Amino acid sequence: MTRVAFIGLGAIGAPMARHLAKPPFELAVWNRTPAKASAFAAEGGPVRAAASPRDAAAKAEIVITCLPTSADVETLLDGSDGLLAGLERGAVLADCTSGDPAGSRRIAARVAERGVLFVDAPVSGGVSGALKGQLTVMVGGDARALERARPALEAFAAKIVHCGAVGTGDALKAVNNALLAIHIWSCAEGLAALAKLGVPASVALDVINASSGRSNSSQNLFPERVVSRAFPRTFRLALLDKDVGIAAGVAREGRIPAPLLALTSELFRAAHNALGEEADHVEAVRLLEEWAHVEIR
Ligand code: NDP
């Protein structure tokens, strides 16, 4: 049995952890709201709800974190019940948070002082990919650390890609999500303009999805979530706002001229401020609809 700890049973963390709640794994889970960890452990399997991050990490060979931000993971390291106090020498910490490169580098340095390996290992594929165990994991860190973490990552991944040094997984994830945000916003602007001319969104999408303007947003997100007005909550707008901000920051630090990333970051910050913490990422479209006085349906 491989002893694994999983910290952060959120919208994507919980379905990821479920793939580790069976042999050959022995799983300890910890969540800030303890009821979620107890309910998870009550589902059965070789799982225990840990009393603290320290307790979860104790004796674990692989520790996985999946929290909103790198700053949340850094905070979790500290204190007598914190993660650092529990991490075993020789263990690996795989942070599946969509984090920021500088934060990951700081975490890597702090755990290295305790003889612990680190990879940033953000995921893509959404909640549906997590449920199916078919996520893509983009990994930053040294190859030895990745090999140590691989057995647990494979439990929920269809694809594991080594990107480079610590922080590169985060950077790639942020760029991917910035592209998602650009596609959502640009699709909304185009469909709103067509709606003003009396072209229904379903007609516009029928053409676009058979043509070169198509994207995952036009093919899946708009038909299933916007035109239907279903707007299911699977990935919080607050988290996409954070990701686009990270991508814009990565470009800025690399002195890459990136006006589109900067503008998209501003738009998603405005949407996040207007729609609140619980809104789904696709609901950003609602802000554009308000500005345009038109509904995309
Ligand atoms: P959620 O907001 O659904 O869950 C966040 C989790 O982190 C909860 O378990 C929450 O605990 C915990 N948490 C929040 N703040 C803290 C804190 N300060 N200290 C300790 N625990 C904390 O987020 P997701 O599960 O959706 O996302 C997690 C990460 O995965 C994010 O970085 C996100 O960008 C990324 N991601 C999400 C995807 C998705 O489709 N949802 C897709 C790909 C990546 P509590 O239960 O107490 O609130």
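Residues numbered from 1 in each chain as written. Predicted model: local features only at pLDDT ≥ 70, side-chain atom pairs only at ≥ 80, totals over all residues. Heavy atoms only, no water.

### Focus: helix α13 (residues 259–275)
When the terminal C-alpha atoms of α13 are compared, their 24 Å separation across 17 residues agrees well with the 24 Å that a helix rising 1.5 Å per residue should span. Among the residues making up α13, those that are buried are Leu261, Thr264, Ser265, Leu267, Phe268, Ala271 and His272. All buried residues of α13 fall inside an arc of 170 degrees around its axis, so they share one side. Away from its buried face by more than 90 degrees, α13 exposes Pro259, Glu266, Asn273 and Ala274. Those residues of α13 hidden inside the fold are in contact with α9 (168–196), α12 (237–253) and α14 (284–292). Residue Gly276 follows α13 closely and has a positive phi angle near 95 degrees. (Helix = DSSP H or I, 4+ residues; strand = E, 2+ residues; numbered from the N terminus. Expected span 1.5 Å × (residues − 1). Buried < 20%, exposed > 50% of the residue type's maximum accessible area, 1.4 Å probe, protein only. Arc of directions from axis to C-beta. Contact = heavy atoms within 4.5 Å.)

### Comments concerning the packing of α9 against α14
As a packed pair, α9 and α14 sit with axes 10 Å apart at the nearest point and diverge in direction by 35 degrees. Crossing of α9 against α14: the hand is right-handed. Along the contact surface, α9 presents Ile184, Trp185, Ala188, Glu189, Ala192 and Lys196, while α14 presents Ala284, Val285, Leu287, Leu288, Trp291 and Ala292. For the contact of α9 with α14, the residue count by class is 10 nonpolar, no polar and 2 charged. (Axes fitted to C-alpha atoms, helices over the stretch in contact; angles between N-to-C directions. Left-handed = near helix turned anticlockwise from the far one by under 90°. Nonpolar A, V, L, I, M, F, W, Y, C, P; charged D, E, K, R; others polar.)

### So, the site of the ligand
Lining the immediate environment of the ligand, one finds 26 residues, of which Ala11, Asn31, Thr33, Lys36 and Pro68 sit closest. Note that an oxygen atom of the ligand is positioned 2.6 Å from one of the side-chain N or O atoms of Asn31. Within the side chain of Arg236, an N or O atom sits 3.0 Å from an oxygen atom of the ligand. Across the complex, the protein chains shield 87% of the 910 Å² of accessible surface that the ligand would expose by itself. Broken down by secondary-structure element, the contributors of at least two residues to the shell around the ligand are α4 (70–77), α7 (126–132) and α12. Here the shell around the ligand spans two domains, and each of domain 1 (2–164) and domain 2 (171–292) adds at least three residues to it. (Near = heavy atom within 4 Å. Polar contact = N/O pair within 3.5 Å; in protein donor to acceptor, adjacent residues only side chain to side chain. Areas by Shrake-Rupley, 256 points an atom, 1.4 Å probe, with all protein chains shown as cover. Domains from an automatic or database assignment.)

### A closer look at the pattern of salt bridges
Evaluated as defined, the whole model comprises 15 salt bridges. For the salt bridge of Arg229 with Glu295, the shortest nitrogen-to-oxygen distance reads 3.7 Å. Highlighted residues: Arg229 in the loop between α11 (216–227) and α12 and Glu295 in the segment after α14, separated in sequence by 66 residues. Its relative accessible area of 18% is what places Arg229 among the buried residues. Judged by its relative accessible area of 40%, Glu295 is partly exposed. Connected through salt bridges with shared partners, the residues Arg229, Glu289, Glu295 and Arg297 form a single ionic network. (Salt bridge = Lys/Arg side-chain N within 4 Å of Asp/Glu carboxyl O.)

### With respect to the pairing of strand β6 (residues 117–120)
Residues Leu117 and Val119 line one face of β6 and the alternating positions Phe118 and Asp120 line the opposite face, and both faces are buried. The parallel pair strand β5 (residues 92–95) and β6 is bridged by helix α6 (residues 101–112), and the resulting crossover is right-handed. (Right-handed = clockwise from strand over helix to strand, strands pointing away.)

### Quick look at the domain arrangement of the protein chain
Where the parts come together, the accessible area they lose is often given as the size of the interface. Its domain assignment divides the protein chain into domain 1 (2–164) and domain 2 (171–292). Taking only C-alpha atoms into account, the centre of domain 1 sits 29 Å from that of domain 2. Counting residues at the interface gives 13 residues for domain 1, matched by 10 residues for domain 2. Together domain 1 and domain 2 conceal approximately 830 Å² of surface at their shared face, both sides included; 70% is due to carbon and sulfur atoms. Linking domain 1 with domain 2 are 0 salt bridges. On inspection of domain 1 and its partner domain 2, the count reaches 3 residue pairs in polar contact (both at pLDDT 80 or more). (Buried area = accessible area lost by both parts, 1.4 Å probe.)

### Regarding the nonpolar core
Ile184, Leu191, Phe222, Phe268 and Ile296 are the most contacted members of the largest nonpolar core, which totals 38 residues. Counting only elements with at least two residues in this core, the list comes to α9, α10 (201–208), α11, α12, α13 and α14. In this structure, Phe268 is in contact with Ala181, Trp185, Leu237, Leu240, Asp241, His281 and Ala284, ignoring residues within four places of it in sequence. (Core = buried A, V, L, I, M, F, W, Y, C linked by side-chain atoms within 4.5 Å.)

### Focus on the packing of aromatic side chains
To describe a pair of aromatic rings, you give the distance between the ring centres and the angle between the ring planes. For the structure on display, the rule yields 2 aromatic pairs. Summarising the aromatic geometry, the rings of Trp185 and Phe268 are spaced 5.9 Å apart at their centres and angled 65 degrees between planes, so their arrangement reads as edge-to-face. With Trp185 in helix α9 and Phe268 in helix α13, the pair connects residues that are 83 residues apart, well separated along the chain. A residue is classified by how much of its surface remains accessible, and Phe268, at 0% relative accessible area, is buried. Here Trp185 and Trp291 contribute two aromatic rings whose centre-to-centre distance is 5.8 Å and whose plane-to-plane angle is 65 degrees, an arrangement assigned as edge-to-face. (Phe/Tyr/Trp six-rings, centres within 6.5 Å; stacked < 30°, edge-to-face > 60°.)

### Examining the environment of Asp55
For Asp55, the position within the fold is in helix α3 (residues 53–57). Asp55 sits 28 residues away from Leu83 along the chain, and the two C-alpha atoms are 8.1 Å apart. Sequence-distant contacts of Asp55, defined by excluding residues within four places in its chain, comprise Arg48 and Ala50.

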